[in-house]
Amino acid sequence: MERFTILVQGKNYELIVGEYYIIDYFDDDISFQGLEAKVEDTFWKDDGKTFFFIWVPEHNEDYLVSDVEIRSIFLKGAENYE
């Protein structure tokens, strides 16, 4: 399984490509706020940020996000998911 690391509020998180996560963004107006999102296999680092694509099944759409936009992230089904 392909993996990559993002930095969220000073903490490293290893994301697994193909897994589903619940992501909370700093911008509460994002249409996919708190929805289940699958991490895609396209990601890169630029200027200290990590950019990656997610697919949101509820919207049937891909979105480009960066780790600086993320307040918190949890693997779907993880015990710390609320």
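Now for a look at the structure at hand. (Residues numbered from 1 in each chain as written. Predicted model: local features only at pLDDT ≥ 70, side-chain atom pairs only at ≥ 80, totals over all residues. Heavy atoms only, no water.)

Moving on to the pattern of salt bridges. Pairs can form between side chains of opposite charge whenever their charged atoms are close. The tally for this structure, following the rule as stated, stands at four salt bridges. Where Asp 24 meets Arg 71, a salt bridge forms, and the shortest distance between an N and an O atom there is 3.1 Å. Taken together, the positions of Asp 24 in strand E3 (residues 20-25) and Arg 71 in strand E7 (residues 70-75) put the pair 47 residues apart, joining distant regions of the chain. Look at Asp 24 and you get partly exposed, because its relative accessible area is 22%. Ionic pairing is found between Glu 36 and Lys 76, a salt bridge with its closest N-O pair at 3.0 Å. Residue Glu 36 is located in strand E4 (residues 36-46), and its partner Lys 76 is located in the segment after E7; the two are separated by 40 residues in the primary sequence. Residue class for Lys 76 comes out partly exposed when judged on its relative accessible area of 45%. Overlapping salt bridges bring together Asp 24, Asp 28 and Arg 71 as one network. (Salt bridge = Lys/Arg side-chain N within 4 Å of Asp/Glu carboxyl O. Helix = DSSP H or I, 4+ residues; strand = E, 2+ residues; numbered from the N terminus. Buried < 20%, exposed > 50% of the residue type's maximum accessible area, 1.4 Å probe, protein only.)

Before going further, it helps to spend a moment on the packing of aromatic side chains. Scanning the model with the defined rule gives six aromatic pairs in all. Between Trp 44 and Phe 53, the ring centres sit 6.3 Å apart and the planes meet at 50°, which makes this aromatic pair tilted. Phe 53 gets classed as partly exposed once you look at its relative accessible area, which sits at 28%. One aromatic cluster in this structure is built from Phe 4, Phe 43 and Phe 52. (Phe/Tyr/Trp six-rings, centres within 6.5 Å; stacked < 30°, edge-to-face > 60°.)

Moving on: the pairing of strand E1 (residues 3-8). Covered by surrounding structure in E1 are Phe 4, Ile 6 and Val 8 only, the residues Arg 3, Thr 5 and Leu 7 on the alternate face being uncovered. Pairing of E1 with strand E2 (residues 11-16), which is carried by six bridges, proceeds in the antiparallel orientation. Considered in E2, the bridge of Leu 7 is made with Asn 12. Linkage of E1 to E2, two consecutive antiparallel strands, is achieved through a turn of two residues, within which Gln 9 is found at a positive phi near 50°. (Pairing = 2+ DSSP bridges.)

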